[in-house]
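# Residue-level structure breakdown
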Protein chains: 2
Amino acid sequence: MSEFVNVAVDAMGGDNAPGEVVKGAIEAIQESNKIKVFLVGQKHVIEGELAKYGLSGNDSSTGQSGNGQERQVEIVDASQVIETAEPPVAAIRSKKDSSIVKGMKLVKEGTCDAFVSAGSTGAVLVGGQVLVGRIKGVERPPLAPVIPTANGCALLIDCGANVDARASHLVQFAKMGSIYMEHVMGVKNPKVGIVNIGAEEEKGNALVKETFPLLKECSDIHFIGSVEARDIPAGAADVVVCEAFVGNVILKMYEGVGGILIEKVKAGMMTTLRSKIGALLVKPALKKTLKAFDLEQYGGAPLLGLNGLVVKTHGSSKSVEVKNSILQCIAFQEQKINDKIKEQITRKEEV
Amino acid sequence: MSEFVNVAVDAMGGDNAPGEVVKGAIEAIQESNKIKVFLVGQKHVIEGELAKYGLSGNDSSTGQSGNGQERQVEIVDASQVIETAEPPVAAIRSKKDSSIVKGMKLVKEGTCDAFVSAGSTGAVLVGGQVLVGRIKGVERPPLAPVIPTANGCALLIDCGANVDARASHLVQFAKMGSIYMEHVMGVKNPKVGIVNIGAEEEKGNALVKETFPLLKECSDIHFIGSVEARDIPAGAADVVVCEAFVGNVILKMYEGVGGILIEKVKAGMMTTLRSKIGALLVKPALKKTLKAFDLEQYGGAPLLGLNGLVVKTHGSSKSVEVKNSILQCIAFQEQKINDKIKEQITRKEEV
């Protein structure tokens, strides 16, 4: 077993690649000596970025570098790049030498424990399923971003990977999400809620009505019943279970309503001379409070239930989000999240 | 034909009934001499409220009142009240002398053109279908609240009436919503979008994929394709088509994210002495800007496709929302919205 948690990083993925991605990777190894990053992408490009930090990316076992961090970074050459607009399945099939395919393969073959990408969400989702593969017993791997709430954060599961999900999928999402929140995010006995259009058990669409009693029967999660969308930002549940279409709408409404409201607040502050002066005084304190409610502060969304960890971080990620996404792989590995998932999923099957 | 637009008002419905409801009704007749309100509820209670405005509620044709507004207000006695928590179907069936059942019947029999209620959403939805009845050809009547956007407002259709909708329902929602936005809200050639998890036509769940090509074929609406939830608050579409579960989530996320963000802004302003002084200066201007983004400013949500108009206004409505909900019935009637709906729905069926 490696002394490090080995994390493959898609150096070519996202709006700010490769600069911010490589920067985030370096910041991660500066912050933790438990991590080794494998920067996957076009070798000469990555070398150019690494040079800015006095690093070569050549494996320290063969090199003579006096820089201790050389041991924590390695380049994996990949000549191709999958663009965001490309149809995911075709891209994964045809671009064998892309950073996403090569990074996923590093996880599949066991060289790396995790893969972090800010690239095409579709390609990451497809690659995760096809290349890394599902844990035996997991029906569908959910994408589970962490969203801010009034008093902390919550896990929104599923959020894009599987539309038209079935009740059995949602039950697995609830279990996997619960394990993640407890052991990676450190929330004791996390409250699990299912997104519904009313608080009563008899409310909901066909999927929710079918899923509700199944969740009630789960002894291994702390199911609190229905959660109305209105109460999600207030922190009504720690694990917010829903099918991907609804999850995507929730996530995007966070961005959309948040964005417009902040704009309105700014515009409101600029309407009169009096308010402009007030704005100057209010600004620093306001910035700090609102930062806690910024979706992008929370780094990456894990794609759970795979033979390894795949983390999708926002396409517009800066180095801080890349760093956070890489660092969260430590807890995932140390807490043996996948062993816990295997145990719970298998146990349920034996019942 | 009556000289007035006759609006039955549920005087017993909502958190602030009967006081704010009666107040809103009086404000409506003060603002427009085209309206006559029929206050439905417990006679002695309504009389007590009306007395505050020097009105008796006794029909002027028999009375001797010198007050011109007496002609615009009438009491319809209803002894029972349907509570919000009651199962809607049972309540509508058993409480024949409730304000909701009696108000709906006034519309059904043609005495009134519209019914406005801040009471139980479930009872209003069930009552609308069962008592008022659907326009021939309309498969399901959608509840369509108006939501604020960066540059005005949009109609969210459907939002609570019909979970597990089919593609043909969504097509009718698009047509009815388009008519409403154009002729009641005054938006020329309104942009119709379907809520989706990506902008591309091939994205979406089974329902959206089935509905998308049907909407593309509609010559009578201005279909602009998919709208991501993120872009709804920015005003990407004037008519936002979705099934009720998703619509409910969108509406509730508006409330939830908006509420928490405003709280955070307030808390941020109170963190330092400097920011507290700034807050005092900023407050008046901010209040004004944010008011435009307040869901409750837009009055009631019409339940479309019925033989008459039913308007559901927020349970916490104050007089201003009740007034706006009553006044919007004028445009609905004058613009002959139901004739337009009949024409479009029937035309489609003949194709």
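Below or above, wherever it landed, is the structure these notes cover. (Residues numbered from 1 in each chain as written. Chains lettered and ligands numbered in written order. Predicted model: local features only at pLDDT ≥ 70, side-chain atom pairs only at ≥ 80, totals over all residues. Heavy atoms only, no water.)

## A word on the overall build of chain A
A count of helical and extended segments in chain A gives 11 helices and 11 strands. Looking at chain A residue by residue over its 351 residues, the buried ones come to 56%. When contacts within chain A are restricted to residue pairs at least 6 apart in sequence, those whose partners lie at least 24 apart make up 72%. Carbon together with sulfur atoms contributes 51% to the accessible area of chain A, which is approximately 14,100 Å² in total. Averaging the positions of the 40 positive and the 41 negative side-chain charges in chain A gives two centres separated by 3 Å. (Helix = DSSP H or I, 4+ residues; strand = E, 2+ residues; numbered from the N terminus. Buried < 20%, exposed > 50% of the residue type's maximum accessible area, 1.4 Å probe, protein only. Contact = heavy atoms within 4.5 Å. Areas by Shrake-Rupley, 256 points an atom, 1.4 Å probe, with all protein chains shown as cover. Lys, Arg positive; Asp, Glu negative; His and termini not counted. Charge placed at Lys NZ, Arg CZ, Asp CG, Glu CD.)

## Examining the sheet that holds strand S6 (residues 152–157) of chain B
Residues and elements named next belong to chain B. Taken in spatial order, the 5 strands make up an open sheet running S5-S6-S9-S7-S8, and their pairing is mixed. Two strands in the sheet have a free side with no partner beyond their single neighbour: strand S5 (146–149) and strand S8 (222–228). The average undirected angle you get between the axes of adjacent strands in this sheet is 30°. Contacts from helix H7 (residues 206–217) reach strand S7 (191–196) and S8 within the one sheet, and its direction differs from that of S7 by about 165°. (Pairing = 2+ DSSP bridges. Axes fitted to C-alpha atoms, helices over the stretch in contact; angles between N-to-C directions.)

## Description of the relation of the copies chain A and chain B
Rotating chain A by 180° and translating it 0.0 Å along the rotation axis places it on chain B, where the RMSD comes to 0.0 Å. Taken together, the rotation and translation describe the operation of a two-fold axis. Considering only C-alpha atoms, the residue of chain A closest to the rotation axis is Gly278(A), which sits at 1.8 Å. (Least-squares fit on C-alpha atoms with pLDDT ≥ 70 in both.)

## Structural notes on helix H6 (residues 167–183) of chain A
Spanning 17 residues, H6(A) covers 25 Å between terminal C-alpha atoms, matching the ideal 24 Å at 1.5 Å per step. Where burial is concerned, most of H6(A) is hidden: 14 out of the 17 residues are buried. (Expected span 1.5 Å × (residues − 1).)

## Re the pairing of strand S3 (residues 73–77) of chain A
Residue and element names in this part refer to chain A. Of all 5 residues that make up S3, 4 are buried, and the element is covered over most of its length. Sheet topology places strand S2 (residues 35–41) next to S3; 5 bridges connect them, and they run parallel. Bridge pairing in S3 links Val-40 to Val-76.

## Considerations on the interface of chain A and chain B
As a measure of interface size, the accessible area lost when the parts come together is often cited. Of the residues lining the interface, 50 residues belong to chain A; the matching set on chain B comes to 50 residues. Taking both sides of the interface into account, the surface hidden between chain A and chain B amounts to around 4,700 Å²; carbon and sulfur atoms contribute 77%. There are 4 salt bridges connecting chain A and chain B. Where chain A packs against chain B, one counts 12 residue pairs in polar contact (both at pLDDT 80 or more). Contributions of two or more residues to the side of chain A that touches chain B are made by strand S7 (191–196), helix H7 (206–217), helix H8 (244–269) and helix H9 (273–291) of chain A. Here the side of chain A that touches chain B takes 19 residues from H8(A), the largest share from any one element. Counted by class, the side of chain A that touches chain B contains 31 nonpolar, 12 polar and 7 charged residues. (Buried area = accessible area lost by both parts, 1.4 Å probe. Salt bridge = Lys/Arg side-chain N within 4 Å of Asp/Glu carboxyl O. Polar contact = N/O pair within 3.5 Å; in protein donor to acceptor, adjacent residues only side chain to side chain. Nonpolar A, V, L, I, M, F, W, Y, C, P; charged D, E, K, R; others polar.)

This is a description of form; function is not addressed.
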